[in-house]
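# Structural description and commentary
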Protein chains: 2
Amino acid sequence: MNNTMRLRSSRSLTLLVAILWLVCPAGQARGQGKSDPLPGWNDTAAKSAILTFVRETTEQGGPKFVPPEERIATFDQDGTLWVEHPMYTQVIYCLERVPFVVRHRPHLRDVAPFKTVLSGNREAVERLATKDLEAILSATLTGMTVEEYKADVTKWLATAKHHRFHRPYTDLVYEPMLEVLRYLRANGFKTYIVTGGGQDFVRAYAETVYGIPPEQVVGSVGGTKFAYGKNGEPELYKEPKLLLNDNNAGKPEGIHLMIGRRPRAAFGNSSGDREMLEYTGAGSGARLMMLVLHDDAAREYAYGPAEGLPHTRVGTFPQTLYDEAKKRGWLVISMKNDWKRVFAFDK
Amino acid sequence: MNNTMRLRSSRSLTLLVAILWLVCPAGQARGQGKSDPLPGWNDTAAKSAILTFVRETTEQGGPKFVPPEERIATFDQDGTLWVEHPMYTQVIYCLERVPFVVRHRPHLRDVAPFKTVLSGNREAVERLATKDLEAILSATLTGMTVEEYKADVTKWLATAKHHRFHRPYTDLVYEPMLEVLRYLRANGFKTYIVTGGGQDFVRAYAETVYGIPPEQVVGSVGGTKFAYGKNGEPELYKEPKLLLNDNNAGKPEGIHLMIGRRPRAAFGNSSGDREMLEYTGAGSGARLMMLVLHDDAAREYAYGPAEGLPHTRVGTFPQTLYDEAKKRGWLVISMKNDWKRVFAFDK
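Definitions and limits used
Residues numbered from 1 in each chain as written. Chains lettered and ligands numbered in written order. Predicted model: local features only at pLDDT ≥ 70, side-chain atom pairs only at ≥ 80, totals over all residues. Heavy atoms only, no water. Phe/Tyr/Trp six-rings, centres within 6.5 Å; stacked < 30°, edge-to-face > 60°. Helix = DSSP H or I, 4+ residues; strand = E, 2+ residues; numbered from the N terminus. Buried < 20%, exposed > 50% of the residue type's maximum accessible area, 1.4 Å probe, protein only. Pairing = 2+ DSSP bridges. Expected span 1.5 Å × (residues − 1). Contact = heavy atoms within 4.5 Å. Salt bridge = Lys/Arg side-chain N within 4 Å of Asp/Glu carboxyl O. pLDDT = per-residue confidence, 0-100. Axes fitted to C-alpha atoms, helices over the stretch in contact; angles between N-to-C directions. Buried area = accessible area lost by both parts, 1.4 Å probe. Polar contact = N/O pair within 3.5 Å; in protein donor to acceptor, adjacent residues only side chain to side chain. Nonpolar A, V, L, I, M, F, W, Y, C, P; charged D, E, K, R; others polar.

Residue and element names in this part refer to chain A. Applying the stated rule across the entire model yields 35 aromatic pairs over all chains. Seen from their ring centres, Tyr174 and Trp339 are 5.4 Å apart, and the 45° between their planes marks the pair as tilted. Residue Tyr174 is found in the loop between helix H8 (146-159) and helix H9 (175-186), and its partner Trp339 is found in the segment after helix H14 (335-338); the two are separated by 165 residues along the sequence. Under the relative-accessibility criterion, Tyr174 is labelled buried at 0%. Take Trp339: its relative accessible area is 1%, and that puts it in the buried class.

See the structure below:
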């Protein structure tokens with residue numbers, strides 16, 4: 001090879017690399033493989049399990065390779081992707097909507113549980129029974145078109161704040177879990193939210209907050225009714241009937257309804273996620289099942305009651321779930337020990 | 001520029017083009033823009049409407065540009081993507097499963113409508129009432145796991161043949177519609193099937209036949225029940241209850257449930273698709289609504305009864321739908337006049 005040729009071929013190589021860099025974002029992501037895709041995680045077994053799972057399932061020709069179309073990962077939301085304590089955000093939204101509901105239906109003003117909510121007595125509200133909360137949910141979510149509902153949730157989220165952190169709820173997502181979502185997607189996984197919360201509520205912000213589009217949000221589903229509005233325009237109105245309760249057995253049922261494939265990876269944080277993890281784990285080939293344990297009162301909350309943590313009404317993590325996780329090889333993520341930081345705003 | 005430089009830069013350009021060709025399939029598809037993406041279509045208004053819609057919605061900065069995440073196109077299946085005459089394929093599958101069902105539940109042998117089906121009297125079977133067909137569907141689809149059901153449908157489709165065309169049902173897809181599916185996908189649209197047929201039935205072959213993955217099949221949905229099998233393994237069993245009847249108003253309702261966005265384009269062929277097209281058309285910005293009219297007795301079938309075609313029990317296309325299409329600017333595709341060929345095996 002003479003000098004001119006060597007020069008030319010070196011220039012061509014530079015050009016080649018530059019072009020590959022510009023036109024091939026997937027190659028680019030792989031090129032960054034040496035940097036840490038999970039910087040918010042400590043170097044513990046949990047992080048290592050995630051890295052190993054992704055490496056093995058994407059290794060072409062390897063014994064655990066999973067074809068791209070089967071790379072489905074499902075995530076519970078409340079307590080797994082963002083803060084659920086002391087009450088689910090959607091419940092707070094519904095409670096704060098009560099004055100508006102009562103303005104349009106004044107007879108509810110003196111009726112329980114609406115009266116309790118209007119009293120502003122925070123402790124009484126936190127003690128409301130599940131059936132009371134359901135009555136409030138039903139009254140606040142019904143009668144709007146799906147587009148009006150989305151606009152209302154979006155508007156509320158823009159100003160509402162968590163009373164401990166004094167920040168919008170959408171800031172209270174777990175940075176290490178966002179890293180897992182991005183890392184899985186960069187490796188060809190389709191990430192889904194599978195939540196006991198309302199599907200349309202989560203859809204209102206899932207794309208902005210998690211990068212998850214509405215069609216990848218599986219949630220508890222109220223009915224909708226197709227009807228013509230006052231100008232004859234076809235619309236979908238929200239209805240009080242429950243089509244799918246996406247908790248417990250409802251999670252694998254919802255996954256089949258909406259996805260039609262058994263997930264390869266599933267993440268949860270409570271007994272409501274047990275069946276989703278069981279269903280995921282029972283398939284053949286590589287599988288990853290993980291549970292977030294809230295054991296970090298300083299940075300977030302500590303409740304359980306696995307490992308002696310206090311019981312709360314949100315996201316119960318009983319000792320039996322902890323035992324099943326151990327037995328089946330599901331990994332328990334300790335917020336306190338496995339996460340370098342919890343929120344993006346943590347130092 | 002001297003000769004050496006010109007030579008070098010011409011070689012670099014060749015290299016650049018070669019690399020772009022190799023690494024950038026999207027660019028490649030756009031590079032083929034000059035060849036006809038819809039070769040199975042005659043040069044009529046229908047073809048022109050599809051080409052215009054795609055050009056306008058993908059023209060960055062243009063007044064009708066649609067962001068990629070909102071590019072949702074929905075297709076009815078029976079009669080829109082494949083042959084539905086003289087009976088829906090899923091009904092034929094269920095009828096052919098009756099002997100198997102009766103073997104396991106012998107008391108059904110002498111009970112209507114199972115007795116009629118076992119008689120082999122084709123005309124009597126074709127005259128069965130809808131409620132009889134529903135009883136058969138329910139009896140044949142129930143009690144299997146979702147994975148057993150998928151395997152059974154796949155096995156049946158591999159050998160079953162249409163009695164007129166003497167070909168597997170999966171050969172009886174409309175080639176021009178496959179072209180539309182591919183063309184839309186090459187331009188960033190997510191293509192969905194939205195069918196009155198059973199969601200799990202269509203999922204069994206949609207990926208192979210149409211390139212549409214299970215999570216993009218919206219159909220009529222029977223319930224599933226999560227339970228533990230005899231070895232304790234978690235499974236989903238098919239249940240007889242109907243969760244969603246994905247016909248008429250059920251189509252926009254199913255679209256909201258499964259997709260959560262209003263489609264930009266919708267294709268159907270019968271009054272069961274009316275509400276889907278109305279819902280699609282009522283959104284703002286560029287929209288495309290089309291209806292396939294079966295007016296080609298020679299190559300496929302002719303039934304309607306729009307434009308005086310005979311009435312059948314499948315895919316009714318009444319004159320009122322035809323009139324609404326005209327009024328709202330939906331395009332009616334004439335199989336006879338708009339399609340160069342109907343099936344891939346047509347000369």
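We are not done yet, so read on.
With that settled, consider the pairing of strand E1 (residues 72-75) of chain B. Residues and elements named next belong to chain B. Residues of E1 alternate between two faces, with Ile72 and Thr74 on one and Ala73 and Phe75 on the opposite face, all of them buried. Bridge count for E1 against strand E2 (residues 190-198) is four bridges, and the pairing is parallel. Across the sheet, Phe75 pairs through a bridge with Ile193, a residue of E2. One ladder, built from three bridges, connects E1 with strand E5 (residues 265-268); its direction is parallel. Looking at the pairing, Ala73 lines up with Ala265 of E5.

Here helix H3 (residues 45-57) of chain B spans 18 Å end to end across 13 residues, near enough to the 18 Å set by a 1.5 Å rise per residue. Tucked into the core, H3(B) has its buried residues touching helix H9 (175-186), E5, strand E6 (288-293), strand E7 (331-334) and helix H14 (335-338) of chain B.

Below, the discussion takes up the pattern of salt bridges. Residue and element names in this part refer to chain B. Overall, the coordinates contain 43 salt bridges over all chains when judged by the stated rule. Across the pair Asp132 and Lys131 runs a salt bridge, and its minimum N-O distance is 3.6 Å. The class for Asp132 is buried, based on a relative accessible area of 18%. For Lys131, a relative accessible area of 62% puts it in the exposed group. The salt bridge partner of Asp296 is Arg299, with a shortest N-O separation of 2.7 Å. For Asp296, a relative accessible area of 4% corresponds to the buried category.

Here we take up the confidence of the model for chain A. All names here are of chain A. In the predicted model, chain A carries a mean pLDDT of 89, and 90% of its residues have values of at least 70. In the model, residues 1-11 has pLDDT below 50 throughout and makes seven contacts with residues more than four positions away in sequence or in other chains. In this model, residues 13-33 is a region of pLDDT below 50 whose contacts with residues beyond four sequence positions or in other chains number eight contacts. Quick note on the complex model: pTM equals 0.88, ipTM equals 0.87.

On to the sheet that holds E1(B). All names here are of chain B. Reading across from one edge, E4-E3-E2-E1-E5-E6-E7 is the order of the seven strands in this open sheet, with mixed pairing throughout. Two strands lie at the open edges of the sheet, namely strand E4 (234-244) and E7, each paired on one side alone. When the angles between neighbouring strand axes are averaged without regard to direction, this sheet yields 35°. For strand E3 (residues 217-228) and E4, the ladder comprises seven bridges, and the chain directions are antiparallel. Within the sheet, the bridge partner assigned to Phe226 lies in E4 and is Leu236. Against the sheet, helix H12 (residues 274-281) makes contact with E1, E2, E5 and E6, and its axis sits at roughly 165° relative to E5, the strand it touches most.

What follows is about the environment of A:Glu207. Structurally, the position occupied by A:Glu207 is in helix H10 (residues 199-210). A relative accessible area of 31% means that A:Glu207 is categorised as partly exposed. Ignoring any residue separated from it by four or fewer positions in sequence, one finds A:Glu207 in contact with A:Ile212, A:Pro213, A:Pro214, B:Glu69 and B:Arg261.

Locating A:Lys225 in the fold gives a position in strand E3 (residues 217-228). Of the residues examined, A:Lys225 reaches a relative accessible area of 43% and is grouped as partly exposed. Between the C-alpha atoms of A:Lys225 and A:Glu59, which are 166 residues apart in sequence, the distance is 46 Å. Non-local contacts of A:Lys225, meaning those with residues more than four positions away in its chain, are made with A:Glu235, A:Leu236, A:Tyr237, A:Glu239 and B:Glu253.

Another point: the interface of chain A and chain B. The interface of chain A with chain B comprises 45 residues on the first partner and 45 residues on the second. A combined buried area of about 4000 Å² lies between chain A and chain B, and 58% of that area is made up of carbon and sulfur atoms. The interface formed by chain A and chain B includes ten salt bridges. Notably, a salt bridge pairs A:Arg261 with B:Glu207, separated by 3.0 Å at the nearest N-O pair. Where chain A packs against chain B, one counts 22 residue pairs in polar contact (both at pLDDT 80 or more). Of all the secondary-structure elements, those providing two or more residues to the side of chain A that touches chain B are helix H1 (3-23), H8, strand E2 (190-198), H10, E3, strand E4 (234-244), helix H11 (250-258) and helix H12 (274-281) of chain A. Taken together, the residues that form the side of chain A that touches chain B break down as 22 nonpolar, seven polar and 16 charged.

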